[in-house]
Number of protein chains: 2
Amino acid sequence: MVSENFKVTPWEVEGEVDYGKLIEEFGINVIDTKLLERIKKHTGGELHPYLERGIFFAHRDLDKLLDAYEKGEKFYIYTGRGPSQDMHLGHLLPFVFVKWLQDKFGCEVWIQISDDEKFLFKEKTIDQIKKQAEIDILNILAVGFDSEKTIIVSDFKHISVMYETACEIAKKLNFSNVKATFGFNNKTNIGAIFYPAVQMVLAVLPSKIYKKNILCLIPYGIDQDPYFRLQRDINEKMGFYKPVCLAGVFLPGLQGPTGKMSSSDSSSAIFLDDTPEEVANKIKKYAFSGGQPTIEEHRIKGGNPDIDTCFQYLKLFFEPDNAKLQEIYNNYKSGKMLTSELKIYTIKKINDFLEKFRQQREAIQPRVNEFLYSEEKINKNRKIYET
Amino acid sequence: MVSENFKVTPWEVEGEVDYGKLIEEFGINVIDTKLLERIKKHTGGELHPYLERGIFFAHRDLDKLLDAYEKGEKFYIYTGRGPSQDMHLGHLLPFVFVKWLQDKFGCEVWIQISDDEKFLFKEKTIDQIKKQAEIDILNILAVGFDSEKTIIVSDFKHISVMYETACEIAKKLNFSNVKATFGFNNKTNIGAIFYPAVQMVLAVLPSKIYKKNILCLIPYGIDQDPYFRLQRDINEKMGFYKPVCLAGVFLPGLQGPTGKMSSSDSSSAIFLDDTPEEVANKIKKYAFSGGQPTIEEHRIKGGNPDIDTCFQYLKLFFEPDNAKLQEIYNNYKSGKMLTSELKIYTIKKINDFLEKFRQQREAIQPRVNEFLYSEEKINKNRKIYET
């Protein structure tokens, strides 16, 4: 969607995003308190900050998912990653959320590594993409997924499992159907034109493999919504449940609340392998500040946490303690807390996270194969869906 | 190409085809006597009727293929079959010719079974197509290919071997590039749009697998020429030899010299499982006759073998003896041979062929797996290309 002040398409996010307008335009529902309370019933009263703080703020059929879950029906989560450039925090954090959902609901998580997509859409070789895919898989697994209930599907490696379904989907989509949604034109290569069908496979494949209609939950950045509306049509046409949508905001770039964190602009992103010094430097140099030009002015007027990148990062993820977050908010707003203090606090939070993350990554490295799609895994997991 | 009196595109053949015009339009070369003599040097002086009688009449780079072959370089043949309907004689005979080439030149033959294509382009289910594919593979193998040197690749079954290469090709073709050649428009499904890339894989895959630039010979009906011109561009762009083209006429339908034999019109085609009685009935009822309306008139004026379907069948394949063929020509033309006699002669020839074919098919049935793509086969065959 394109409005006067902002623009959100699957290809671009620009300007300050009005999520209220997006909800209206996309015809998606807000996750309200009632729904959050209902979720809490199944999570031991706990809510991930992403839900509590409205990072994932919109949905389609989440209520129906809970209806089914409460009747004993199992669902799975489908998410993915296109490996083209090094991952930054904005790429990783949604996986942390998905892991939380897996822990709470005991569900399978299917992760698609769309190496073919990145080869077809970017100026990269297959070898470059494959190398990146290996790095990305390791990063994703480092967040701590359950090896039994997590299945990684790499398009290049596992295409034989996916291709028939991709063709079935492709047969239901003509060039006109995908042109607008995916921004294609006559100069788009024919692999890219086919790719939407490959992307849609995992929203039906487990139902086909397990020979049972299984609900699929898809968390994604709201900018990807047009894809998943199409996905819902396709699932319905193929006789499967429409996937349940869980749409989130994007982690803003360091330079401020306009646009999302981007790998192609290294000064806007904190990468998973940035050293503590690099993180400190980036936050100090680039993190958009809601503070005043001078300390004196800041003490008098106070800062604006709502546009301050550090505060947003704390809110989005790095300060799970609500009371502490509120305290920081108040102190920054009143001028009691300086921008430099807020930055130092945030730097430490990010570096602590990254250090732990990297330790977990080292630990999981020898076990990557346990997570990759195999018939053996499928045969084991079939029992999850038996009632 | 579309002319006043006939039309030849990859989708349709209509009217009486002027092959001279096609050669000019497509920029392809006639296979002349000199080239035929050169081929005979390598076949023990023998020429398959398809070459001798101009059934395969045009080429690109066949001279270069012979240059390389004479220097000890090996080539392979790439051919294929889209399994959507029962095979008729017009589908089978090119494989008989390919088998002859394999016998004479000792070359590998790669046969693509484009089950995905037929699923994407026809109103059939994957199961229907797969069932047809099994039947077709058996029919193809019944012509007697060398099990060691023949590799069958079914797109659905072997996509994992092909997909990366298909994506590499796809990245070099945009919608505009394929639109005209393949007759696509905005209503074409996105699987069909991608399919040309899958179709082009086998003209480069063996070179990639064997890690050596290998010449590829592709025999095909002249109506498919636009595909293979595009294929030559792609091979060149990917750094491989352009495939060598060998273009043939089509086996005409029973109703006469306009159009080709078609599965969708059962009265125009003799199927491989037609009983001897069905063959006899079809020839008697539908085979377009070059004779006169009455026996008396035929005796006086004579018939026209050049437009007579039976005579054409004898010439195209079923009467390999040149002297005998000439005798029949003369006798029919003079009126000495009646249409009914010509038909009976042709019916016997076709039925003898089909009987022997079906015996061979029964014999090969338990051995189909020996012909299917496998890493083991590849590892064995690697030595063919070692110099």
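Worth saying up front: this structure is predicted, and the values here are computed from it rather than measured. (Residues numbered from 1 in each chain as written. Chains lettered and ligands numbered in written order. Predicted model: local features only at pLDDT ≥ 70, side-chain atom pairs only at ≥ 80, totals over all residues. Heavy atoms only, no water.)

*Asks:* Help me understand the domain arrangement of chain A in this model?
*Replies:* A common way to report how large an interface is uses the accessible area buried once the components associate. Residues and elements named next belong to chain A. For chain A, the assigned domains are domain 1 (6–254) and domain 2 (266–362). Relative placement of domain 1 and domain 2: their C-alpha centres are 29 Å apart. Tallying the contact residues gives 21 residues for domain 1 and 30 residues for domain 2. Counting the surface lost from both domain 1 and domain 2, the interface buries some 2200 Å², and carbon and sulfur atoms represent 69% of this. Our count for the contact surface shared by domain 1 and domain 2 stands at zero salt bridges. Inspection of the domain 1/domain 2 interface yields ten residue pairs in polar contact (both at pLDDT 80 or more). Elements with a contribution of two residues or more to the side of domain 1 that touches domain 2: helix H3 (49–52), helix H5 (89–105) and helix H7 (126–141). At four residues, H5 tops the list of elements feeding residues into the side of domain 1 that touches domain 2. In the side of domain 1 that touches domain 2, the residues fall into 15 nonpolar, three polar and three charged. (Domains from an automatic or database assignment. Contact = heavy atoms within 4.5 Å. Buried area = accessible area lost by both parts, 1.4 Å probe. Salt bridge = Lys/Arg side-chain N within 4 Å of Asp/Glu carboxyl O. Polar contact = N/O pair within 3.5 Å; in protein donor to acceptor, adjacent residues only side chain to side chain. Helix = DSSP H or I, 4+ residues; strand = E, 2+ residues; numbered from the N terminus. Nonpolar A, V, L, I, M, F, W, Y, C, P; charged D, E, K, R; others polar.)

*Asks:* How should I be thinking about helix H2 (residues 33–40) of chain B in this particular structure?
*Replies:* The α-helix winds at 3.6 residues per turn, so residues separated by three or four positions along the chain end up facing the same way. All names here are of chain B. Listed in full, the buried residues belonging to H2 are Leu35, Leu36, Arg38 and Ile39. Seen from one end, H2 has its buried residues packed into an arc of 160°, which puts them on one side. Turned more than 90 degrees from where H2 packs its buried face, Thr33 and Lys34 sit exposed. Summarising the contacts, the buried residues of H2 are in contact with helix H3 (49–52), strand S4 (56–60), helix H4 (62–70) and helix H5 (89–105). (Buried < 20%, exposed > 50% of the residue type's maximum accessible area, 1.4 Å probe, protein only. Arc of directions from axis to C-beta.)

*Asks:* I'm lost on the nonpolar core in this one. Help?
*Replies:* Burial of nonpolar side chains together is a common tendency in soluble globular proteins. Grouped together as the largest cluster of nonpolar side chains are 190 residues, with contacts concentrated most on Trp110, Phe145 and Phe353 of chain A together with Trp110 of chain B. Element by element, the count of residues in this core is highest for H5 of chain A, at ten residues. Counting 72 residues, the second-largest nonpolar core is a separate cluster that includes Ile113, Ile140, Ile270 and Leu354 of chain B. (Core = buried A, V, L, I, M, F, W, Y, C linked by side-chain atoms within 4.5 Å.)

*Asks:* Quick question: what am I supposed to make of the pattern of salt bridges here?
*Replies:* Side chains that carry opposite charge are capable of pairing whenever their charged atoms lie near each other. All names here are of chain A. For the structure shown, the criterion picks out 40 salt bridges over all chains. Residues Arg38 and Asp67 are paired through a salt bridge, measuring 2.5 Å at the closest nitrogen-oxygen approach. Pair noted here: Arg38 is in helix H2 (residues 33–40) and Asp67 is in helix H4 (residues 62–70), with a separation of 29 residues, a long-range link. With a relative accessible area of 34%, Asp67 lands in the partly exposed category. For the salt bridge of Lys301 with Glu297, the shortest nitrogen-to-oxygen distance reads 2.9 Å. Of this pair, Lys301 and Glu297 are both found in helix H14 (residues 295–301), four residues apart, which corresponds to roughly one turn of the helix. On the basis of relative accessibility, which here comes to 26%, the residue Glu297 falls in the partly exposed class.

*Asks:* Looking at this structure, how should I read the relation of the copies chain A and chain B?
*Replies:* A rotation about an axis combined with a shift along that same axis relates the two copies of the chain. With an RMSD of 0.1 Å, chain A superimposes on chain B once it is rotated by 180° and translated 0.0 Å along the axis. On this basis, the relationship between the two copies can be described by a two-fold rotation axis. When the interface residues of chain A are mapped onto chain B, 100% of them again lie at the interface, so the same face is used by both copies. (Least-squares fit on C-alpha atoms with pLDDT ≥ 70 in both.)

*Asks:* In this structure, what is going on with the interface of chain A and chain B? I would like to understand it.
*Replies:* On the chain B side, the residues contacting the 36 residues of chain A number 36 residues. In total, chain A and chain B occlude about 3000 Å² of area from one another, counting both sides; carbon and sulfur atoms represent 67% of this. Its largest share of buried area at the contact with chain B, chain A owes to Tyr163, Lys171 and Ile190 of chain A, together 26% of the area lost on that side. Between the two partners, chain A and chain B, sit two salt bridges. Salt-bridge contacts for Lys130 of chain A lead to Glu164 of chain B; the nearest nitrogen and oxygen are separated by 2.5 Å. There are 18 residue pairs in polar contact (both at pLDDT 80 or more) connecting chain A and chain B. With nine residues, the top contributor of residues to the side of chain A that touches chain B is helix H8 (residues 155–170) of chain A.

*Asks:* Would you take a moment to explain the pairing of strand S9 (residues 244–248) of chain A for this structure?
*Replies:* On any regular strand, side chains alternate: one points to one face of the sheet, the next to the other face. All names here are of chain A. With five of five residues buried, S9 lies mostly within the body of the structure. Both faces of S9 are covered, namely the face carrying Val244, Leu246 and Gly248 and the face carrying Cys245 and Ala247. Bridge count between strand S4 (residues 56–60) and S9: four bridges; the pairing is antiparallel. Within S9, the residue paired with Ala58 across the bridge is Ala247. In this structure, strand S8 (residues 215–221) lies alongside S9, joined through five bridges in parallel fashion. (Pairing = 2+ DSSP bridges.)

*Asks:* Help me out: how do you make sense of the side chain of Arg60 of chain B in this one?
*Replies:* Residue and element names in this part refer to chain B. Following the sequence through the fold, Arg60 ends up in strand S4. Polar side-chain contacts of Arg60 include one of 2.9 Å to the side chain of Asp225. Setting aside anything within four residues of it in sequence, one finds Arg60 in contact with Phe26, Gly27, Ile28, Asn29, Tyr220, Asp225, Arg229, Arg232, Val244 and Cys245.

*Asks:* Would you explain the packing of helix H8 (residues 155–170) of chain B against helix H10 (residues 190–199) of chain B in this entry?
*Replies:* The description of two helices packed together rests on the angle between their axes and the distance between the axes. Residue and element names in this part refer to chain B. Remark: H8 packs on H10, axes separated minimally by 8 Å, with the N-to-C direction vectors making an angle of 95°. The angle between H8 and H10 falls in the class roughly perpendicular. The segment H8 lies against H10, with Asp155, Met162, Tyr163, Ala166, Ile169 and Ala170 engaging Phe194, Tyr195, Ala197 and Val198. Partitioned by chemical class, the residues of the contact of H8 with H10 number nine nonpolar, no polar and one charged. (Axes fitted to C-alpha atoms, helices over the stretch in contact; angles between N-to-C directions. Parallel < 35°, antiparallel > 145°, perpendicular 65-115°, else oblique.)

*Asks:* I would appreciate a short explanation of the packing of aromatic side chains in the present structure.
*Replies:* Two aromatic rings are characterised by how far apart their centres lie and by the angle between their planes. Per the counting criterion, the structure on display carries 52 aromatic pairs over all chains. On the numbers, 4.9 Å between centres and 35° between planes, the contact of Tyr210 of chain A with Tyr385 of chain A is tilted. Of the two residues, Tyr210 of chain A sits in the loop between helix H11 (205–209) and S8 while Tyr385 of chain A sits in the segment after helix H18 (375–381), which places them 175 residues apart along the sequence. No difference in accessibility class separates Tyr210 of chain A from Tyr385 of chain A, as the two residues are buried. Judged by centre distance (5.9 Å) and plane angle (65°), the rings of Tyr69 of chain B and Phe75 of chain B are edge-to-face. The pair Tyr69 of chain B / Phe75 of chain B is uniform in exposure class, with both members buried. An aromatic cluster is defined as three or more aromatic residues linked by ring pairs; in this entry it consists of Tyr50, Phe56, Phe97, Trp100, Phe317, Phe318, Phe353 and Phe357 of chain A. Here Lys171 of chain A stacks its cationic end above the ring of Phe119 of chain B, 4.0 Å away from the centre of that ring. (Phe/Tyr/Trp six-rings, centres within 6.5 Å; stacked < 30°, edge-to-face > 60°. Lys NZ or Arg CZ within 6 Å of the ring centre and 35° of its normal.)

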